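Single-letter residue listing:
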Amino acid sequence: MPLLLALAVSGAAEARPLQQVLNEGTLRVGVALSTPWALRGPDGELTGFEIDVAHKLAEDMEVEADIRVYEWDRLILALEAGEVDVVASGLAITPERALHVNFSEPYAIGGVSLATNVTKTANVQELDDLNTGARKIAAVEGSVATELVARLLPRAELVVFEDVQTAGSALVGGEVDGFLEEEPVPTFLALENPAAIDVPIARPLLETRTAFAVNKGDPDFVFFLNAWIAARAADTWLPTTNNYWFKSLSWRNRLEAPRRP
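Residues numbered from 1 in each chain as written. Predicted model: local features only at pLDDT ≥ 70, side-chain atom pairs only at ≥ 80, totals over all residues. Heavy atoms only, no water.

Asker: Would you mind showing me how to read the packing of helix α9 (residues 219-234) against helix α10 (residues 237-246) here?
Answerer: Packed helix pairs are specified by the crossing angle of their axes together with the interaxial distance, meaning the distance between the axes. At their nearest, the axes of α9 and α10 sit 4 Å apart, and the two run at 75 degrees to each other. Compared by their axis directions, α9 and α10 come out roughly perpendicular. Counting all contacts with α9, which are made through W228, I229, R232 and A233, the residues of α10 involved are W237, L238 and P239. For the contact of α9 with α10, a count of residues per class yields six nonpolar, no polar and one charged. (Axes fitted to C-alpha atoms, helices over the stretch in contact; angles between N-to-C directions. Helix = DSSP H or I, 4+ residues; strand = E, 2+ residues; numbered from the N terminus. Parallel < 35°, antiparallel > 145°, perpendicular 65-115°, else oblique. Contact = heavy atoms within 4.5 Å. Nonpolar A, V, L, I, M, F, W, Y, C, P; charged D, E, K, R; others polar.)

In structure tokens:
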């Protein structure tokens, strides 16, 4: 009841339509801190994939980006309350969320991927080769990946860890054969440990599609966002930016504090 009441109250506020955003010259973008989607550098400035997206979107609209940080569970409420014009925060499209917001077309794909220990899986040719009682597959307790292991690799031994760090260490150390986790964790593990870890299947085993979210009642905003996504995918800005933040570790240089003279 409190949640329903909060949604009802927040939805009563007037959201800014696209034309008003253009007229007033600012685009208020809601984000939640999560590396590498949105994070703070040593100087406290926001950086990350969604921050680049927000600034590029605002630039193409010829307005200023006003990026506002929220707790994850406050993002949609803030949108409905009219505090932000758009949410750009790795928000996966779901039917439940679509009851409260309008989604654009996806502009990024994420999901759960498989990282494997190179030495222990040297003879593995396909996913089903891991589906034996002799194989140990790691997942984090309470994650979607635990259910995915049971569905895709029911004969393998599921080894549950408390957090990503301990599961990743177990994979690097050869205590398990594979580790199922949400991207970009598997890719980053492979980049950090190229001699020990591989991501043998290019696409996630369970995909999630990330999109912009805007308030209901303004189809022009959705049409514009869809056109922007199509254009920035065609000119390679979106895939190039995505690869920088999710397929490399070059961005970590931004997080290094400047050395004192």
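Next comes the rest of the description.
Asker: Please clarify how α9 should be interpreted in this entry.
Answerer: Owing to its 3.6 residues per turn, the α-helix aligns residues three or four sequence positions apart on the same side. If you check α9, its first and last C-alpha atoms are 23 Å apart, about what 16 residues at 1.5 Å a residue would give, namely 22 Å. Regarding α9, the residues found buried are F221, V222, L225, W228, I229 and R232. Viewed end-on, α9 has its buried residues packed into an arc of 125 degrees, placing them on one side of the element. Facing away from the buried side of α9, by more than 90 degrees, are the exposed residues F223 and A234. Once α9 ends, the next one or two residues include T236, with phi positive near 75 degrees. (Expected span 1.5 Å × (residues − 1). Buried < 20%, exposed > 50% of the residue type's maximum accessible area, 1.4 Å probe, protein only. Arc of directions from axis to C-beta.)

Asker: Can you walk me through unusual backbone geometry in this structure?
Answerer: Most peptide bonds adopt trans geometry, and most residues besides glycine take a negative phi value. Along the chain, T35 connects to P36 via a cis peptide bond; the corresponding omega equals 5 degrees. You can see P36 is positioned in the loop between β1 (26-31) and β2 (39-40). Backbone torsion omega between E183 and P184 reads 10 degrees, so that peptide bond is classified as cis. Unlike most non-glycine residues, E62 shows phi in positive territory, near 60 degrees. Relative to the helices and strands, E62 is located in the loop between α3 (49-61) and β4 (64-69). The phi dihedral of T236 falls on the positive side, at around 75 degrees, and the residue is not glycine. Topologically, T236 is positioned in the loop between α9 and α10. With relative accessibility at 42%, the residue T236 sits in the partly exposed group.

Asker: Any chance you could explain the pattern of salt bridges here in plain terms?
Answerer: Two side chains that carry opposite charge are able to pair once their charged atoms sit near each other. Tallying each qualifying case throughout the model produces 14 salt bridges. Note that R232 is salt-bridged to D235, the shortest N-O span being 2.5 Å. Here the salt bridges do not stand alone but share partners, grouping K56, E59, D60, R232 and D235 into one network. (Salt bridge = Lys/Arg side-chain N within 4 Å of Asp/Glu carboxyl O.)

Asker: What am I meant to see in the side chain of R16 here?
Answerer: Structurally, the position occupied by R16 is in the loop between α1 (2-11) and α2 (18-24). Within the structure, the side chain of R16 is placed 2.5 Å from the side chain of E24, a separation counted as a polar contact. Within polar-contact distance, the side chain of R16 engages the side chain of D85 at 2.6 Å. Once residues lying within four places of it in the same chain are set aside, the contact partners of R16 are V21, E24, T26, L27, R28, D85 and F221. (Polar contact = N/O pair within 3.5 Å; in protein donor to acceptor, adjacent residues only side chain to side chain.)

Asker: What am I meant to see in the nonpolar core here?
Answerer: Among soluble globular proteins, nonpolar side chains are generally buried collectively. Residues L27, Y107 and F212 are the most contacted members of the largest nonpolar core, which totals 32 residues. Elements with a contribution of two residues or more to this core: α2, β1, α3, β6 (102-117), β11 (206-214), α9 and α10. At seven residues, the largest contribution of residues to this core is made by α3. Setting aside residues up to four positions removed in sequence, Y107 forms contacts with F49, E50, A88, S89, G90, T210, A211, F212, I229 and L238. (Core = buried A, V, L, I, M, F, W, Y, C linked by side-chain atoms within 4.5 Å.)

Asker: Explain helix α6 (residues 144-152) to me, please; I cannot follow it from the model alone.
Answerer: Looking at α6, one finds that the buried residues are A145, T146, L148 and V149. Projected down its long axis, α6 carries its buried residues within an arc of 160 degrees, all on one side. Along α6, exposed side chains directed more than 90 degrees from the buried face belong to E147, A150 and R151.

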